[in-house]
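Below are the chains, spelled out letter by letter.
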Amino acid sequence: MAGKTVFFDQVNRNFDKAAAYTKHDKSLLEQIKVCNSVYHMAFPLERDDGSIEVVHAWRAEHSQHKLPTKGGIRYGMLVSEDEVMALSALMTYKCAIVDVPFGGAKGGIKIDRTKYSDAELERLTRRYTFELFRKHFIGPAIDVPAPDYGTGPREMAWIADTYAALAQNDLNALGCVTGKPVPQGGVRGRKEATGRGVMFGIREAVCSAEDMKAIGLQPGIEGKTVAVQGLGNVGYYAAKFLEEAGAKLVGLSEIEGAIWNPNGLPLEEVMAHRKETRSILDFPDAKNLPRAEDVLEVDCDILVPAALENQITGDNAPRVKAKIIAEGANGPSTSEASEVLAQKGVFIIPDMYLNAGGVTVSYFEWIKNLAHMRFGRMEKRFEERAYRNLLTAIESRTAKAFTADEATGFARGASEEDLVNSGLEETMANAYHEINEIRRQHGRQCDLRTAAFICSINKIVGTYAEMGIFP
Ligand code: NAD
């Protein structure tokens, strides 16, 4: 069983705060809260120089009230039993908020990935998959991993290939993992999904004139100043889509440092500069901040922590100047920090809602794998023909012709990416209004995180109640 459970306790404190608003049976709430299964494995890795290293890895399945369980795989030095348990619990609550029919899981390997060659990372990933397979911790109907901190489509392709080799009779083998490259059974739009979802979530939050007035901001993304911590998968795409929506990036940070320019930091130029110089620092016209974590304290409307947990703490929270904290990462604000920020009137858009775009599109990918067909393949041409017929009818009634460009634009059938992005937008918008409505119903004391927990607790309790207990 777990040693110190600091992060998991923190998730549970938030759960308890929300549970106090409900009248559910205490023992049922206890059952929801516990982490059902944790598998800690240790296995040897042969390094390229022939030496042997023992590697520690975990997979936690928090709740099997819906199957399969789902959650990312991390490669990082902070990976621990506590971390995977906490993150798997967040996955359970996250899936419930966005109505994705999965239980929560999370896994990780405790390594500094920068210290391993590609060949070593491949051996590690394949061995990890084998260990999961032999303990029944992976499979399209059991537990479906996805990318997370330190992993991406390449690792997911290795996992899918290893699983398929081990489970030769499993027709749905590709559904054993999501976030795969498109030619390996991935879905278009998954890579960008979490960051795009972060933008949709922020857009929904800032569109309420009433909520924005309460924190002294005008509604709308346009012109809002934004700082982003971490420019990996989530941070980079969140920054990109926020910039495209008209926000101004004024602070950016990566592991080596942070930069600041109140006149704006053009994202693609910053990324090109980092690629060339291997550092975000010394970007033309920007000021280098003394420490990477100083990005959390810059003057901005919206702060997007998108690196790791425990970044905004009781210590630095009093110095946070942002009016909105949009949690791209999982667990970036400690509960102590959340209390301080609440007193300062900061509006927190919580992780378990805001970064749920990743699991939402992972759900679409899993469905695609089970269907063995690309989204839109059946209907695209049919839709285009129907739209063309409609345009022709309008032209003949009005005696006016559409231009060629107009006709092409209007008569476009939906591609897979269109459908994925539309499903993501629908999910993020609906879920935001659902949790914000709960927040409003419970009055001033109830923040959006608590409302999000209330929302998921109510949904999960409903599932348990209907399910009964086996045997
Ligand atoms: P990633 O590995 O792609 O990127 C993380 C980036 O943060 C890296 O570039 C890293 O160098 C940087 N970083 C690390 N420590 C930093 C620090 N102290 N200051 C500034 N930058 C730092 O990981 P990711 O997939 O983008 O995940 C980031 C967070 O988002 C994690 O909490 C993860 O659990 C969460 N998340 C990811 C997904 C997903 O689909 N990838 C989905 C939901 C939630």
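Asker: Explanation requested: the layout of surface pockets in the structure shown.
Answerer: Vacant regions in the atomic arrangement are exposed by a probe of water-molecule size rolled over the atoms. There is about 720 Å³ of room inside the second largest pocket. In the lining of the second largest pocket, the residues fall into eight nonpolar, four polar and nine charged.

Asker: For this particular structure, what's the right way to read the sheet that holds strand 2 (residues 52–61)?
Answerer: The strands that make up a sheet pair up through hydrogen bonds in the backbone, lying either parallel or antiparallel. The five strands are arranged 1-2-4-3-5 in an open sheet whose pairing can be described as mixed. Taken across any chain shown, the strands that pair with only one partner, and hence form the sheet edges, are strand 1 (37–46) and strand 5 (143–147). On average, each strand axis in the sheet is tilted by 25 degrees relative to the strand beside it, whichever way the strands run. Where strand 3 (residues 69–76) and strand 4 (residues 103–110) come together, six bridges link them in parallel fashion. Bridged to Tyr75 within strand 4 is Ile109.

Asker: Please explain the nonpolar core as it appears in this structure.
Answerer: Considering soluble globular proteins, one finds that nonpolar side chains tend to be buried as a cluster. With 93 residues, the main nonpolar core has Tyr93, Ile202, Leu252, Val304, Ile324, Ile349 and Tyr353 as its most contacted residues. What Ile202 contacts, discounting residues up to four positions off in sequence, is Leu242, Ile302, Val304, Ala326, Ile349 and Leu354. Counting residues in each nonpolar core, the second largest holds 26 residues, with Leu45, Ile111, Leu132 and Met156 among its members.

Asker: What is the right way to look at the site of the ligand in this model?
Answerer: Near the ligand, the surroundings consist of 21 residues, among which Arg74, Asp148, Gly150, Thr194 and Glu254 are the closest. Within the backbone of Gly150, one N or O atom sits 2.8 Å away from an oxygen atom of the ligand. Surface burial for the ligand is 87%, taken as the share of its 830 Å² of free accessible area covered by protein chains. Those elements that place two or more of their residues in the shell around the ligand are helix 6 (190–206), helix 8 (233–244) and strand 7 (248–254).

Asker: Would you explain the packing of helix 3 (residues 81–97) against helix 16 (residues 448–467) in this entry?
Answerer: When two helices pack together, their arrangement is given by the angle between their axes and by how far apart the axes lie. Contact pair helix 3 / helix 16: the axes reach a minimum separation of 8 Å and the direction vectors enclose 85 degrees. The orientation of helix 3 relative to helix 16 falls into the category roughly perpendicular. On helix 16, the residues touching Thr92, Tyr93, Ala96 and Ile97 of helix 3 are Ala452, Phe453, Ser456, Lys459 and Ile460. Considering only residue class, the contact of helix 3 with helix 16 consists of six nonpolar, two polar and one charged.

Asker: Where do I start with the side chain of Arg47 in this structure?
Answerer: As for its placement among the helices and strands, Arg47 is situated in the loop between strand 1 and strand 2. With sequence-adjacent residues up to four places away left out, Arg47 is seen in contact with Glu53, Lys115, Tyr116, Glu120 and Arg123.

Asker: What is the right way to read the sheet that holds strand 7 from this model?
Answerer: With mixed pairing, seven strands are arranged side by side in an open sheet as 9-8-7-6-10-11-12. Of all the strands in the sheet, the pair left with one neighbour each is strand 9 (287–289) and strand 12 (347–349). Across this sheet, the average inter-strand angle for adjacent strands is 20 degrees, counted without regard to direction. Where strand 11 (residues 324–326) and strand 12 come together, three bridges link them in parallel fashion. Looking across to strand 12, one finds that Ala326 is bridged to Ile349.

Asker: Explain the pairing of strand 2 here, please?
Answerer: Regular strands place their side chains on alternate faces of the sheet. Bridge analysis of strand 1 against strand 2 gives ten bridges, and the strand direction is antiparallel. Pairing of Ala42 across the sheet is with His56, part of strand 2. Hairpin connection between strand 1 and strand 2: a loop of five residues separates the two successive antiparallel strands, and Gly50 in this loop has a positive phi of roughly 95 degrees. The sheet contact formed by strand 2 and strand 4 spans five bridges and is antiparallel. Bridged to Arg59 within strand 4 is Gly107.

Reading guide: rules and limits
Residues numbered from 1 in each chain as written. Predicted model: local features only at pLDDT ≥ 70, side-chain atom pairs only at ≥ 80, totals over all residues. Heavy atoms only, no water. 1 Å grid on protein atoms, 1.4 Å probe; cavity = no way out; pocket = protein on both sides within 12 Å on 5 of 7 lines; lining within 4 Å. Points joined across faces, edges and corners; volume = space filled by probe spheres on them. Nonpolar A, V, L, I, M, F, W, Y, C, P; charged D, E, K, R; others polar. Pairing = 2+ DSSP bridges. Helix = DSSP H or I, 4+ residues; strand = E, 2+ residues; numbered from the N terminus. Axes fitted to C-alpha atoms, helices over the stretch in contact; angles between N-to-C directions. Core = buried A, V, L, I, M, F, W, Y, C linked by side-chain atoms within 4.5 Å. Buried < 20%, exposed > 50% of the residue type's maximum accessible area, 1.4 Å probe, protein only. Contact = heavy atoms within 4.5 Å. Near = heavy atom within 4 Å. Polar contact = N/O pair within 3.5 Å; in protein donor to acceptor, adjacent residues only side chain to side chain. Areas by Shrake-Rupley, 256 points an atom, 1.4 Å probe, with all protein chains shown as cover. Parallel < 35°, antiparallel > 145°, perpendicular 65-115°, else oblique.

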